[in-house]
Amino acid sequence: MPQRLLTHARLATFTHTGTPYGLIEDGVLAIDSGTIAFAGPAADLPQACAGFPKEDLAGRLVTPGLIDCHTHVVFGGDRAREFEMRLEGASYEEVARAGGGIVSTVKATRAASEDELLEGVLSRVDALIAEGVTAIEIKSGYGLDQETELKMLRAARKVGSLRPVTVRTTFLGAHAVPAEYKDRADAYLDDICLPALDAAHAEGLVDAVDGFCEGIAFSPDQIAKVFDKAKALGLPVKLHAEQLSNLGGTALAASYGALSADHLEYLDEAGVRAMADSGTIAVILPGAFYTLRETQAPPIDLLRQHKVPMALATDCNPGSSPLASLLLTMNMGCTLFRMTPEEALAGATREAARVLGFTDRGTLEAGKRADLAIWNVQHPAELSYRIGFNSLEKRIFGGSE
């Protein structure tokens, strides 16, 4: 349908109007050729849109389509047995000796064909789409060799052609050091990671570059080497930082103008200031905090004080966050970290769009892409308040259902 007019709607526009959620109670939204032509009070509807075919939403809430801006949804195998072992009292080392941890995912991902990886990722993406998600980021990082990293990125790219969802792909070769390079992280970066990034970029498979800056992964100096390569290729960067300790990864990411720094449980005020100065967005990931039963929460109040925007994402992955519900993630952000429902919904729409470099979506306003979610709720806070309940009425992607 090239033109449509959604009437009797409540619009959570997330434009900066000074009203919570940018909420318009008696709103209309006009769509023309996949783009929002007007979003505002019914009384202000332009005459040019008045003749569009009408759909009465009977007071339903309209939000921008949800965006999951941090996922690892392409992978082989699962880690359910590892989950069970931990609950039975096994230590991390015991799980690792039994072949668990990221080593098991790397092994299964290397063994899987591209078609097998695609079949698995589609099932997870379908769950997200059913909750109103219209765009998703997908990372590599479970291959840790060139062939598998490229295989993961190709599978991720195919998702966007097989499902009505926009996909952004992120190269995460600096996710872990593979077993064959144990204690030789620099050699792994030189021999495998950086050449694989070159190859992925040459094949047009990379939208951004990520890394894991942590004691169990890569140091800030090693991450800088990856970021220098990304910069040379003209690719934006982001970083898993300060999840388990404070190594200064966030400040490093900010110095490169990173799109985002993600996790941030151990972030200090100096790191927050660096983010504020650079415009780097904080990506809050409660799924991993919950699954790993962590106790140190990210510094939400400091981020607020320094006006650092906060996005929210599932971090869907087979180990630390086997979570494929952005609605549940929003509830977790509020319940575990005391984010407000407005912050949570903004984090899954407007701020998530910024993390992925989108300028054409994330808010409801004229000129933006018509990616929308229509909900059977009375107030936007219900989207974060309910647990295990999907109130989606319909999802509109590029103007079509």
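Cut-offs used in this document
- Residues numbered from 1 in each chain as written.
- Predicted model: local features only at pLDDT ≥ 70, side-chain atom pairs only at ≥ 80, totals over all residues.
- Heavy atoms only, no water.
- Helix = DSSP H or I, 4+ residues; strand = E, 2+ residues; numbered from the N terminus.
- Rg over C-alpha atoms; globule rule 2.2 N^0.38 Å.
- Buried < 20%, exposed > 50% of the residue type's maximum accessible area, 1.4 Å probe, protein only.
- Contact = heavy atoms within 4.5 Å.
- Areas by Shrake-Rupley, 256 points an atom, 1.4 Å probe, with all protein chains shown as cover.
- Lys, Arg positive; Asp, Glu negative; His and termini not counted.
- Charge placed at Lys NZ, Arg CZ, Asp CG, Glu CD.
- UniProt positions renumbered as here; feature names shortened; annotations may be inferred.
- Domains from an automatic or database assignment.
- Buried area = accessible area lost by both parts, 1.4 Å probe.
- Salt bridge = Lys/Arg side-chain N within 4 Å of Asp/Glu carboxyl O.
- Polar contact = N/O pair within 3.5 Å; in protein donor to acceptor, adjacent residues only side chain to side chain.
- Phe/Tyr/Trp six-rings, centres within 6.5 Å; stacked < 30°, edge-to-face > 60°.
- Lys NZ or Arg CZ within 6 Å of the ring centre and 35° of its normal.

> Where do I start with the overall build of the protein in this structure?
What the protein contains, in helices and strands, is 15 helices and 15 strands. In terms of overall dimensions, the protein is globule-like: its C-alpha atoms have a radius of gyration of 21 Å, near the 21 Å expected for 401 residues. Per-residue burial for the protein yields a buried fraction of 57% across its 401 residues. Here the analysis covers contacts within the protein between residues at least 6 apart in sequence; of these, 70% occur between residues at least 24 apart. For the protein, the exposed surface amounts to about 15,700 Å²; the carbon and sulfur share of it is 52%. For the protein, the centre of its 37 positive side-chain charges and the centre of its 53 negative side-chain charges are spaced 2 Å apart.

> Help me out: how do you make sense of the UniProt feature "binding site: N-formimidoyl-L-glutamate" (unreviewed entry) in the protein in this one?
According to UniProt, the positions carrying the feature "binding site: N-formimidoyl-L-glutamate" (unreviewed entry) are Tyr142, Asn317 and Gly319. In three dimensions, the annotated residues from a span of 178 residues occupy one location, with a maximal C-alpha spread of 11.4 Å. Among the secondary structure elements, Asn317 is positioned in the loop between strand 13 (310–312) and helix 12 (326–337). Sequence-distant contacts of Asn317, defined by excluding residues within four places in its chain, comprise His72, Phe75, Tyr142 and Pro322. Inspection of the secondary structure assignment puts Gly319 in the loop between strand 13 and helix 12.

> What should I look at first to understand the domain arrangement of the protein in this one?
One widely used convention gives an interface's size as the accessible area the parts lose upon coming together. With domains assigned, the protein is organised as domain 1 (3–64 + 363–396) and domain 2 (66–356). The C-alpha centroid of domain 2 is placed 31 Å from the C-alpha centroid of domain 1. With 24 residues of domain 1 in contact, the opposing surface of domain 2 contributes 21 residues. Roughly 1,800 Å² is buried in total at the junction of domain 1 and domain 2, and carbon and sulfur atoms are behind 60% of that figure.

> Help me understand the pattern of salt bridges in this model?
Once the charged atoms of two side chains with opposite charge are near each other, the side chains can pair. Per the counting criterion, the structure on display carries 32 salt bridges. Ionic pairing is found between Glu82 and Arg86, a salt bridge with its closest N-O pair at 3.2 Å. Of this pair, Glu82 and Arg86 both sit in helix 1 (residues 80–87), four residues apart, which is roughly one turn of the helix. A relative accessible area of 9% means that Glu82 is categorised as buried. For Glu203, the salt bridge is made with Arg154, and the minimal N-O distance between the two is 2.6 Å. One end of the pair, Glu203, is in the loop between helix 6 (185–202) and strand 9 (208–213); the other, Arg154, is in helix 5 (residues 146–162), and 49 residues separate them in sequence. The partly exposed category is assigned to Arg154, whose relative accessible area is 29%. One network of salt bridges, with partners in common, ties together Arg4, Glu55, Lys394 and Glu401.

> Just to check I follow, could you spell out the UniProt feature "binding site: Fe(3+)" (unreviewed entry) in the protein for this structure?
Those places that UniProt annotates as "binding site: Fe(3+)" (unreviewed entry) correspond, in this numbering, to His70, His72, His240 and Asp315. On the basis of their most widely separated C-alpha atoms, the annotated residues across 246 residues gather in one place, lying no more than 12.4 Å apart. Classification of His70 by relative accessible area gives buried; the value is 0%. Contact partners of His70, with chain neighbours within four places excluded, come to Glu137, Lys139, His240, Asp262, Val283, Leu285, Ala313, Thr314, Asp315 and Cys316. Reaching out from His70, the side chain makes a polar contact with the side chain of His72 at a distance of 3.2 Å. You can see His72 is positioned in the loop between strand 6 (66–68) and helix 1. In this structure His72 touches Lys139, Ser140, Tyr142, Leu172, His175, His240, Asp315, Cys316, Asn317 and Pro318, once residues within four positions along its chain are discounted.

> Would you explain the packing of aromatic side chains in this entry?
Between two aromatic rings, the relevant description is the distance of the centres plus the angle of the planes. Inspection of every chain in the model, using the stated rule, returns five aromatic pairs. For the pair Tyr181 and Tyr188, a centre-to-centre distance of 5.9 Å together with 65° between the ring planes defines the contact as edge-to-face. Pair check on accessibility: Tyr181 and Tyr188 agree, each one buried. Between Phe289 and Phe337 the ring centres are 4.9 Å apart and the planes differ by 75°, which places this aromatic pair in the edge-to-face class. Here Phe289 is found in helix 10 (residues 286–291), whereas its partner Phe337 is found in helix 12, with 48 residues between them in sequence. For Phe337, a relative accessible area of 5% puts it in the buried group. Linked through ring pairs, Tyr181, Tyr188 and Phe218 together constitute an aromatic cluster. Lying across the ring of Phe397, Arg369 places its NZ or CZ 4.4 Å from the centre. Residue placement shows Arg386 over the ring face of Phe389; its charged tip is 5.1 Å from the ring centre.

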